[in-house]
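# Commentary on secondary and tertiary structure
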Amino acid sequence: MLVIAQRTVDEMVEHARRDHPDEACGVVAGPAGSDRPERLIPMLNAARSPTFYEFDSLDLLKLYREMDDRDEEPVVVYHSHTATEAYPSRTDISYASEPGAHYVLVSTREPDTVEVRSYRIVDGIVTEEEVRVVAVLEPEETS
Amino acid sequence: MAIEVRIPTILRTYTGGEKAVAGEGATLADVLTDLDSRHAGLRERIVDDKGLRRFVNVYVNDEDVRFMGGLETALKDGDTVTVLPAVAGGAGEGRAGAASVRVTAGGAGVRDSAGG
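Residues numbered from 1 in each chain as written. Chains lettered and ligands numbered in written order. Predicted model: local features only at pLDDT ≥ 70, side-chain atom pairs only at ≥ 80, totals over all residues.

### Description of the overall build of chain A
A count of helices and strands for chain A gives three helices and nine strands. Moving toward the C terminus, one meets the helices and strands of chain A in the order β-α-β-β-β-α-β-α-β-β-β-β. The C-alpha atoms of chain A give 14 Å as radius of gyration, which agrees with the globular expectation for 143 residues (15 Å, within 12%). Overall, chain A is about 45 × 35 × 30 Å in size when its C-alpha atoms are taken along their principal axes. Put simply, chain A has 143 residues, and 44% of those count as buried. The contacts in chain A between residues at least 6 apart in sequence include a share of 62% that link residues at least 24 apart. (Helix = DSSP H or I, 4+ residues; strand = E, 2+ residues; numbered from the N terminus. Rg over C-alpha atoms; globule rule 2.2 N^0.38 Å. Buried ≥ 20, exposed ≤ 12 C-beta atoms within 10 Å, placed from the backbone. Contact = placed C-beta atoms within 7 Å.)

Structure follows, in structure tokens:
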């Protein structure tokens, strides 16, 4: 299950709408091991394509170094489909390289509605999961 | 040359979970061959018979080796090599194993049932 704050979902959807008809892409980083998608980082789609996305290679390096410095990991990797449903394609599955991440798909194929769905993609296997949208993420327990 | 090679999560199965390993070599190609001698199978995840794999990014310090010498990029003592799989994907040809949605060449989804 993906637990995510409403504001983060709204920002992902806004990003997808902004980049439509090109696919939008980005990550939501959170503390390593926490499964908390706290920090949304929209990324440039270097492919600028309605059917393909790729993070620019130097943006990617900068992102991972920054997450490493902050002891974070990519909790969510998101992208949009602009003419098809919010379900991982063969391409999505073959390039999914973060086994611990929630892969969120946003579909902007309809102007009046949006689909937001989440999946685990591990070793080529896709498993859809529930998305629980909360007002804010619960504060982390400090015991 | 003593080189630190930073390994992405998905390739740490080859390094016993280590996120950085040490390698030796004057070029990127040499270092990858050297690593493979201790972490069998690692090289093949980065290189195929045509060279560096398209969707695996390799950097020396702050630069992408595609803009340097590729596999022949020269290394010096203390350089850091970083490997990061591309973050990529896209609707492309559409839903994996689609039964109810066919995708045309233009990328539009068409439902077999009414309402498409």
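### Points about the sheet that holds strand β7 (residues 115–122) of chain A
Residue and element names in this part refer to chain A. Read across the sheet, six strands follow the order β3-β2-β5-β6-β7-β8 without closing on themselves; strand pairing throughout is mixed. What marks the edges here is a single partner per strand, and that holds for β3 (39–43) and β8 (125–129). Within this sheet the neighbouring strands show an average axis-to-axis angle of 30°, counted without direction. One ladder, built from six bridges, connects strand β5 (residues 72–81) with strand β6 (residues 102–107); its direction is parallel. Each bridged residue has a counterpart across the sheet, and for S80 the counterpart in β6 is V106. Helix-sheet contacts for helix α2 (residues 57–69) involve β2 (25–31), β3 and β5, and the interaxial angle to β5 is about 145°. (Pairing = 2+ DSSP bridges. Axes fitted to C-alpha atoms, helices over the stretch in contact; angles between N-to-C directions.)

### Section: the interface of chain B and chain A
In this assembly, 25 residues from chain B lie in contact with 32 residues from chain A. Where the side of chain B that touches chain A is concerned, the elements lending two or more residues are β5 (56–60), β7 (80–85), β8 (88–89) and β9 (101–103) of chain B. Sort the elements by how many residues they give to the side of chain B that touches chain A and β7 of chain B lands first, with three residues.

### Focus: unusual backbone geometry
Here H20 of chain A and P21 of chain A are connected by a cis peptide whose omega angle stands at 5°. As for its placement among the helices and strands, P21 of chain A is situated in the loop between α1 (6–19) and β2. Positive phi is not limited to glycine here, since D35 of chain A has a value of about 60°. Tracing the backbone shows D35 of chain A in the loop between β2 and β3. Here the phi dihedral of N61 of chain B falls at roughly 55°; this positive angle occurs in a residue that is not glycine.

### Quick notes on the nonpolar core
Membership of the largest hydrophobic core comes to 35 residues, with the highest contact counts inside it found for M12, V76, V77, Y78, Y103, V104 and V106 of chain A. Those elements that provide at least two residues to this core are β1 (2–5), α1, β2, β3, α2, β5, β6 and β7 of chain A. If we ignore the near neighbours within four places in the chain, the residues touching V104 of chain A are M12, V76, Y78, V116 and S118 of chain A. By size, the runner-up hydrophobic cluster in this structure holds 16 residues, among which are I7, V31, L35 and Y59 of chain B. (Core = buried A, V, L, I, M, F, W, Y, C linked by C-beta atoms within 7 Å.)

### Points about the environment of L42 of chain B
All names here are of chain B. The topology assignment puts L42 in helix α2 (residues 42–46). Residues L42 and T13 lie 29 residues apart in sequence; the distance between their C-alpha atoms is 9.0 Å. The contact partners of L42, leaving out residues within four places of it in the chain, are L11, Y14, L35 and D36.

### Observations regarding the sheet that holds β7 of chain B
Read across the sheet, five strands follow the order β2-β1-β7-β5-β6 (chain B) without closing on themselves; strand pairing throughout is mixed. Edge positions in the sheet fall to β2 (20–24) and β6 (63–64) of chain B, since each of these pairs with one other strand and no more. Pairing geometry for β5 of chain B and β6 of chain B, over two bridges, is antiparallel. When the sheet's bridge partners are listed, Y59 of chain B is paired in β6 of chain B with D64 of chain B. Across the sheet, α2 of chain A touches β5, β6 and β7 of chain B, and the angle it forms with β7 of chain B is around 105°. Along the sheet, helix α1 (residues 28–38) of chain B contacts β1 (2–6), β2, β5 and β7 of chain B; its crossing angle with β2 of chain B, the most-contacted strand, is approximately 115°.

### A few points about α1 of chain A
Residues and elements named next belong to chain A. For α1, built from 14 residues, the straight-helix expectation of 20 Å at 1.5 Å per residue is met to within 8% by its first-to-last C-alpha distance of 20 Å. Every buried residue of α1 is accounted for by T8, V9, M12, H15, A16 and D19. Along the long axis of α1, the arc covered by the buried residues comes to 125°, so they all point the same way. Among the exposed residues of α1, those oriented more than 90 degrees off its buried face are Q6, D10 and R18. (Expected span 1.5 Å × (residues − 1). Arc of directions from axis to C-beta.)

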